[in-house]
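Summary of structural features
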Amino acid sequence: MKTFLTLDLGGTNCRFALVDERGGIIKKETHPTPPPREFYKLLQEFSESLSVKPVAAGFALAGPVDPATGILNSPVNMQGWAIEPIGKNASELLGIPVFCGNDASLACFGEAKLGAGLGVENLVLLTLGTGIGGGAIVNGQLHLGTQGQALEVGHMQIFNQGRQCGCGLNGHLEAYVSGTALGQIATERFGKATTSKELFESSDKVSKEIIADAATNLGFGLANLVHLFNPKLILFSGSLAEHWEVFVLPAGRAMEDQLMPAFKGVVQIQPAKLAGDAGLLGAMAWAKAGFELQK
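All of the points below concern the structure found in this document. A quick note: this is a predicted structure, and the numbers were derived from the prediction, not measured.

Description of the pairing of strand β10 (residues 132-138)
Here β10 lies mainly inside the structure; six of its seven residues are buried. What sits between the antiparallel neighbours strand β9 (residues 123-128) and β10 is a turn of three residues. Pairing between β10 and strand β11 (residues 141-142): two bridges, direction antiparallel. By the bridge assignment for β11, Val138 is matched with Gln141. Taken together, β10 and the strand that follows it, β11, pair antiparallel across an intervening segment of two residues, in which Asn139 is found at a positive phi of about 50°.

Printed below as a string of structure tokens:
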């Protein structure tokens, strides 16, 4: 059975895995996200620790990445990373082909091939964590866009001007709904450093108001996606999606309130099935598809 080296490189953690072609994880390890030089060292060490040689690698990357070139372009949430030819560098280091994609897009691809989206021709996935990412399957195919950068959901503008996003622009969804944004908003409201985790653990009135406002804003973004893509299913993954009852379900109700009549009651909202391994398994499915095309 063929095996694949997979990577899920995010704003907080860097995760490596050896995955078989059926989606079985053979080995996995996690590190805090390092700068590029340290990353390649960790990648080499993980590769050398494997008992079998993978036929290819799949990289799910948190930021704009061109699948055709494997170039990661200035990810907002990864300190120390700028424009990095990660696909080329890693392929030369590992001696195998490397197939790259945006982490949320590949998580969506993984859900379509192995998870909750199996058999669904039109679906959208949102990753709600440090930032906000997205992916879409349109008529059975992963929607990539011109440079593989489609579905940067977090940078959908929902307000004119508004709060500054981590990308430097204003009014983006990520500046209101991400874990980073919720921590910043809570810190401003409470006058002391507060994380999004602490916010959801609190039961006071102000915390509930912040979460409710964020859910409403997320609902506006979801309504835009429904009007654009007309999906049958919207899936949610990431740390914030774990707060299903108090965050995602209210966002779904806010979405329905903003939909044109023809779109109401059509889309289903569900948790992603692959959970924390969605990026790793999506990267495997992507690498497998790319490897088979090369044969």
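A short note on the packing of helix α7 (residues 205-229) against helix α8 (residues 244-257)
Across the interface, α7 lies against α8 with an axial gap of 7 Å and an inter-helix angle of 50°. Relative to α8, the element α7 is oriented oblique. As for how α7 packs across α8, the hand of that crossing is right-handed. Contact residues: Ile211, Ala214, Ala215, Thr216, Leu218, Gly219, Leu222, Ala223 and Val226 in α7; Val246, Phe247, Pro250, Ala251, Gly252, Ala254 and Met255 in α8. Counted by class, the contact of α7 with α8 contains 13 nonpolar, three polar and no charged residues.

Thoughts on the sheet that holds strand β8 (residues 98-102)
Here five strands make up an open sheet; going across it, the order is β3-β2-β1-β4-β8 and the pairing mixed. Looking at which strands have only one partner, the edges of the open sheet turn out to be β3 (25-32) and β8. Neighbouring strand axes in the sheet, compared pairwise and without regard to direction, differ in orientation by 15° on average. For strand β2 (residues 13-20) and β3, the ladder comprises seven bridges, and the chain directions are antiparallel.

Brief notes about the environment of Lys27
Its place among the elements puts Lys27 in strand β3. Expressed as a C-alpha distance, the spacing of Lys27 and Ala17, which sit 10 residues apart in the sequence, is 5.4 Å. Apart from the residues lying within four places of it in its own chain, the contact partners of Lys27 are Phe16, Ala17, Leu18, Phe46, Ser49 and Leu50. Looking at Lys27, its side chain comes within polar contact range of the side chain of Ser49, at 2.7 Å.

Side note on the sheet that holds strand β6 (residues 71-73)
A sheet is described by the order of its strands in space; here three strands give the open sequence β5-β6-β7, paired in antiparallel fashion. In this open sheet, the two edge strands, each paired with only one partner strand, are β5 (65-66) and β7 (83-84). Both β6 and β7 contribute to a ladder of two bridges, which runs antiparallel. Among the inter-strand pairings, Leu72 is bridged to a residue of β7, identified as Glu84.

Considerations on the pairing of strand β13 (residues 268-271)
Two elements, strand β12 (residues 233-237) and β13, share four bridges in a ladder whose sense is parallel. When the bridges of β13 are listed, Leu235 appears paired with Gln270.

Quick notes on the packing of helix α3 (residues 103-114) against helix α9 (residues 278-294)
Where α3 contacts α9, the axes come no closer than 7 Å and their chain directions differ by 80°. The angle between the axes of α3 and α9 places the two elements in the roughly perpendicular class. Residues Leu106, Ala107, Phe109, Gly110, Glu111, Lys113 and Leu114 of α3 pack against Ala278, Gly279, Leu281, Gly282, Ala283, Met284, Ala285, Trp286 and Ala289 of α9. Residue composition of the contact of α3 with α9, by class: 11 nonpolar, three polar and two charged.

Cut-offs used in this document
Residues numbered from 1 in each chain as written. Predicted model: local features only at pLDDT ≥ 70, side-chain atom pairs only at ≥ 80, totals over all residues. Heavy atoms only, no water. Buried < 20%, exposed > 50% of the residue type's maximum accessible area, 1.4 Å probe, protein only. Helix = DSSP H or I, 4+ residues; strand = E, 2+ residues; numbered from the N terminus. Pairing = 2+ DSSP bridges. Axes fitted to C-alpha atoms, helices over the stretch in contact; angles between N-to-C directions. Parallel < 35°, antiparallel > 145°, perpendicular 65-115°, else oblique. Left-handed = near helix turned anticlockwise from the far one by under 90°. Contact = heavy atoms within 4.5 Å. Nonpolar A, V, L, I, M, F, W, Y, C, P; charged D, E, K, R; others polar. Polar contact = N/O pair within 3.5 Å; in protein donor to acceptor, adjacent residues only side chain to side chain.

Keep in mind these values describe shape, not function.
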